[in-house]
Each structure stands twice: as structure tokens, then as C-alpha cells.
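Coordinate analysis (summary)
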Amino acid sequence: RNLPTGHPPVKATNVEPLENQPGARVYLCPYAIMRSETSFGNDSKSFKPSRWENPTPAQLQAFIPFGRGRRACVGEALSYK
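Throughout what follows, the structure given in this document is the object of discussion. Computed from a prediction, not measured in an experiment: that's the story for all the values here. (Residues numbered from 1 in each chain as written. Predicted model: local features only at pLDDT ≥ 70, side-chain atom pairs only at ≥ 80, totals over all residues. Heavy atoms only, no water.)

This part takes up the packing of aromatic side chains. Pairs of aromatic rings are described using the distance from one ring centre to the other and the angle between the two planes. Within the structure shown, the criterion is met by two aromatic pairs. Pairing Trp52 with Phe63 gives two aromatic rings, centres 5.0 Å apart and planes at 55 degrees, and the pair type is tilted. Of this pair, Trp52 sits in the loop between helix 2 (37-40) and helix 3 (57-62) while Phe63 sits in the loop between helix 3 and helix 4 (76-79), and the two are 11 residues apart along the sequence. Take Trp52: its relative accessible area is 34%, and that puts it in the partly exposed class. Take Phe63: its relative accessible area is 35%, and that puts it in the partly exposed class. (Phe/Tyr/Trp six-rings, centres within 6.5 Å; stacked < 30°, edge-to-face > 60°. Helix = DSSP H or I, 4+ residues; strand = E, 2+ residues; numbered from the N terminus. Buried < 20%, exposed > 50% of the residue type's maximum accessible area, 1.4 Å probe, protein only.)

Here it is as C-alpha cells:
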């Protein structure tokens, strides 16, 4: 991960094409990330369970229904049982 998590950046942080100034808040939209054509292809908005039979590393990284980091859903581990 290139962006700091849990607190605003203390110095300018650049992740092309974004530039975040000190004190700026960074928000992610899981809905948009999990429908990214870059990660999931042109049919990213289609219901296609077969895409998870052999997911790519990019797909696994973009799949964040439980959030990430310190504030991730506490029920994530239970859901995989």
C-alpha cells in the first residue's frame, strides 16, 4: 500500500495521478474499487461467479467487502468458515 492508513499524511504523498497534501483525508470507495474494469475486465459490473475460480492478484487485492486495516469488519474471519 502506498497510502497511509488510519491517519492523515504528515507530508505530501504522491500516488499517480493523485497528490495528497499534509493533513488531507483520504477516502476509498469499495463499491467503485470492486467494479474496476482495470482489475475485473470489461464485464466488471456483471454478476459472474466464475471469475473467482482462478482470481488474479489484482482481483484479490480489489476485493474488499470487509474493509481493510484497523477498522476492518470483525466478522470477516467468521464469514470464511
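So, next bit.
Turning our attention to the side chain of Gln59. Mapped onto the secondary structure, Gln59 falls in helix 3. In terms of polar contacts, Gln59 uses its side chain to reach the backbone amide nitrogen of Thr56, at 2.9 Å. Other than its neighbours up to four places away in sequence, Gln59 contacts Ser39, Phe40, Arg51, Trp52 and Asn54. (Polar contact = N/O pair within 3.5 Å; in protein donor to acceptor, adjacent residues only side chain to side chain. Contact = heavy atoms within 4.5 Å.)

Time to look at the pattern of salt bridges. The full count for this structure, using the stated rule, is two salt bridges. In this structure, Asp43 engages Lys48 in a salt bridge whose closest nitrogen and oxygen atoms are separated by 3.0 Å. By relative accessible area, Asp43 is classed as partly exposed at 26%. Here Asp43 and Arg51 are joined by a salt bridge, their closest N and O atoms 3.6 Å apart. According to the relative accessible area criterion, Arg51 is buried, its value standing at 12%. (Salt bridge = Lys/Arg side-chain N within 4 Å of Asp/Glu carboxyl O.)

A cluster of nonpolar side chains, contributed by Trp52, Leu60, Phe63 and Tyr80, occupies part of the molecular surface with about 420 Å² of accessible area. Of note, Leu60 is situated in helix 3. (Patch = residues over 30% accessible without salt bridge, like charges linked within 9 Å, V, L, I, M, F, W, Y side chains within 5 Å. Areas by Shrake-Rupley, 256 points an atom, 1.4 Å probe, with all protein chains shown as cover.)

Along the chain, Phe63 and Tyr31 lie 32 residues apart, while their C-alpha atoms are 9.7 Å from each other. Filtering out sequence-adjacent residues up to four positions away, Phe63 remains in contact with Met34, Trp52, Arg68 and Tyr80.

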